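Commentary on secondary and tertiary structure
Listed here are the chains, written in short residue letters.
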Amino acid sequence: MTDILISEVGPRDGLQSIDRVMPLEAKKRWIAAEAAAGVKEIEVGSFVPPKLLPQMADTPELVAFAKGIDGLTVVTLVPNAKGAQFAADAGVDGMSIPFSMSETHSIKNVRKDHPAMLEEIRAAATIARNHGIHFAVGLSTAFGCTMEGAVSEDQVVRLAEQAAEAGAMEFSLSDTTGYADPAQVRRLTRKVKAAVGDDMLTTLHLHNTRGLGLANVVAGLEEGITTFDSSLGGLGGCPFAPGASGNLVTEDLVLMLNSMGCKTGIDLEALLKVRSIVEEALPGEPLYGFTPDAGPMLDYKERASA
Ligand code: ZN
């Protein structure tokens, strides 16, 4: 069965939406424990100004730490070319820049319209290429926007083509607001792949705001998507999209994919134990997930190795 890459985004997407700052030592323990459970890619932080997001101020230290873990791909978010230079200096394996398909969201989030963002993408792509770093563009609010409502699919396709021309090496379709439904995931994945090439769209970044996260994953699998972003305990969301909360829960995603016979390489029992690190470091913070409450099925191991 297919190999599926799960990219853990909790230390970035999760922690940036919480006001409290998780101590660096706890973040390190979290990252090390997930890698030990078999997670092969982790978004460890974001190169945004610490004044804006003090939760992410220790990203350079986390990159250095995570780079020491064998076999782990270390990625960070970068908001612009300046962030891309910081990420390159820190020695990341990959960086991703969010490009909001809703111009209203883009202006509100990063104070840049689409032409200005395309210039940032071009400059960031050059920095990444010069350092041999993988450079992905996250097409955020691709499935709808809390300010604009529907986002035109033709617009998503056109902006993806322009970002490819500006130097994007790969794309992810991001459901920043939790608006996506499975039919839309299939349709938009097909359209964007047809425009920029199959190999250029391999990742979905889904939220579970309305409970459709796993259904959307299955829709993505059916369209050949091989990488899914998720967050331990569903921690996080987007702080700039009012009402948006709850990333896809890594534990539930691993249970589903392993049960279906996809190869994630992740040990679910070991992953479930990682929650205690986050619970201890952020007492009272709600962690989500069905699998952590119910536990795996009695015959889970037979399913997973089938
Ligand atoms: Zn997210």
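On a predicted model such as this, the values are computed, not experimentally measured, just so you know. (Residues numbered from 1 in each chain as written. Predicted model: local features only at pLDDT ≥ 70, side-chain atom pairs only at ≥ 80, totals over all residues. Heavy atoms only, no water.)

1. A short note on the overall build of the protein chain
We count it as follows: By the criteria applied, helices consist of DSSP H or I runs no shorter than four residues and strands consist of E runs no shorter than two, each listed in order from the N terminus. Radius of gyration means the value over C-alpha atoms here, while the globule rule gives 2.2 Å times the residue count to the 0.38 power. Burial classes: relative accessible area under 20% of the type maximum marks a residue as buried, over 50% as exposed, and values in between as partly exposed (1.4 Å probe, protein chains only). By definition, residues are in contact when any of their heavy atoms lie within 4.5 Å. Counting rule applied: Lys, Arg positive; Asp, Glu negative; His and chain ends not counted. Taken as the charge centre is NZ of Lys, CZ of Arg, CG of Asp or CD of Glu, depending on the residue.
In terms of helices and strands, the protein chain carries 13 helices and eight strands. Here the protein chain has a C-alpha radius of gyration of 18 Å; the compact-globule value for 306 residues is 19 Å, and the two agree. Projected onto the principal axes, the alpha-carbon positions of the protein chain cover approximately 50 × 40 × 35 Å. Classification of the 306 residues of the protein chain by burial places 56% in the buried group. In the protein chain, of all internal contacts separated by at least 6 residues, the share reaching a separation of at least 24 is 74%. For the protein chain, the centre of its 26 positive side-chain charges and the centre of its 40 negative side-chain charges are spaced 2 Å apart.

2. Considering the nonpolar core
Operational definition: To qualify as a nonpolar core, a set must consist of buried Ala, Val, Leu, Ile, Met, Phe, Trp, Tyr and Cys residues joined through side-chain atoms within 4.5 Å.
Grouped together as the largest cluster of nonpolar side chains are 90 residues, with contacts concentrated most on Phe-99, Ile-121, Val-137, Leu-139, Phe-171, Leu-173 and Val-192. In terms of residue count, helix α6 (residues 114–130) provides more of this core than any other element does, seven residues in total. The contact partners of Ile-121, leaving out residues within four places of it in the chain, are Ile-97, Phe-99, Phe-135, Val-137, Ala-163 and Ala-166.

3. Brief notes about the coordination of the zinc ion
For clarity, the threshold we go by: Note: metal donors comprise N, O and S atoms at 2.8 Å or less from the metal (3.2 Å for Na, K and Ca); water molecules are not included, so apparent gaps in a site are possible.
Within the protein, the atoms that donate to the zinc ion are Asp-13 (OD), His-205 (NE2) and His-207 (NE2), at distances of 1.9 to 2.1 Å. Each donor residue of the zinc ion lies on one chain, and together they are spaced D-x191-H-x1-H. Here the residue Asp-13 occupies a position in helix α1 (residues 10–14), and His-207 occupies one in the loop between β7 (201–205) and α9 (213–222), the gap between them amounting to 194 residues. Exposure class is identical for Asp-13 and His-207. Each is buried.

4. So, the pattern of salt bridges
Note the following rule: For this document, the term salt bridge refers to a Lys or Arg side-chain nitrogen within 4 Å of an Asp or Glu carboxyl oxygen.
With the rule as written, the count across this model stands at 16 salt bridges. Glu-285 is the salt-bridge partner of Arg-20, the closest N and O atoms lying 2.8 Å from each other. Placement of the pair is Arg-20 in the loop between α1 and α2 (24–36) and Glu-285 in the loop between α11 (268–281) and α12 (291–294), with a sequence separation of 265 residues. The class of Arg-20 is partly exposed, set by a relative accessible area of 35%. Two residues, Lys-27 and Asp-58, come together in a salt bridge whose shortest N-O distance is 2.8 Å. With a gap of 31 residues between them, Lys-27 in helix α2 and Asp-58 in the loop between β2 (41–46) and α3 (59–67) connect regions that are remote in the sequence. Residue classification places Asp-58 among the buried residues on the basis of a relative accessible area of 12%.

5. Structural notes on the side chain of Glu-34
Relative to the helices and strands, Glu-34 resides in helix α2. Despite being buried, Glu-34 has no salt bridge partner; Arg-275 is the closest side chain of opposite charge, sitting 9.5 Å away. Non-local contacts of Glu-34, meaning those with residues more than four positions away in its chain, are made with Glu-8, Val-39, Ile-42, Leu-232, Leu-271 and Val-274.

6. A few points about unusual backbone geometry
The phi torsion at Arg-111 lies on the positive side, around 55 degrees, for a residue other than glycine. Tracing the sequence through the fold places Arg-111 in the loop between α5 (103–110) and α6. Residue classification places Arg-111 among the exposed positions, given a relative accessible area of 73%. Backbone geometry at Thr-141 places phi at a positive 50 degrees, although glycine is not the residue there. Summarising the element assignment, Thr-141 is placed in the loop between β5 (134–140) and α7 (153–165).

7. Topic: the packing of α6 against α7
Two numbers describe a pair of packed helices, the interaxial angle and the distance between the axes. As a reminder, the rule being used: Note on method: axes are straight lines fitted to C-alpha atoms, helices fitted across the in-contact stretch only, with angles between N-to-C directions ranging 0 to 180 degrees. Each helix crossing is assigned a hand: it is left-handed if the near helix lies turned anticlockwise from the far helix by less than a right angle, otherwise right-handed if that turn is clockwise.
Across the interface, α6 lies against α7 with an axial gap of 9 Å and an inter-helix angle of 35 degrees. Crossing of α6 over α7 shows right-handed handedness. Across the interface between the two elements, His-114, Leu-118, Ile-121 and Arg-122 from α6 touch Gln-155, Leu-159, Gln-162, Ala-163 and Glu-165 from α7.

8. Observations regarding the sheet that holds strand β6 (residues 170–174)
Under the convention used in this document: Two strands qualify as a pair provided that DSSP identifies no fewer than 2 bridges between them.
What the eight strands build is a closed barrel, ordered β1-β2-β3-β4-β5-β6-β7-β8; its pairing is parallel. Each strand of the sheet is rotated relative to its neighbour by a mean of 25 degrees, with strand direction disregarded. Pairing analysis gives two bridges linking strand β1 (residues 5–8) to β2, with the strands arranged parallel. Residue pairing in the sheet places Glu-8 in a bridge with Ile-42 of β2. α6 contacts β4 (94–100) and β5 of the sheet and is inclined by roughly 175 degrees relative to β4. Along the sheet face, α7 touches β4, β5 and β6 and points at about 150 degrees away from the line of β6.

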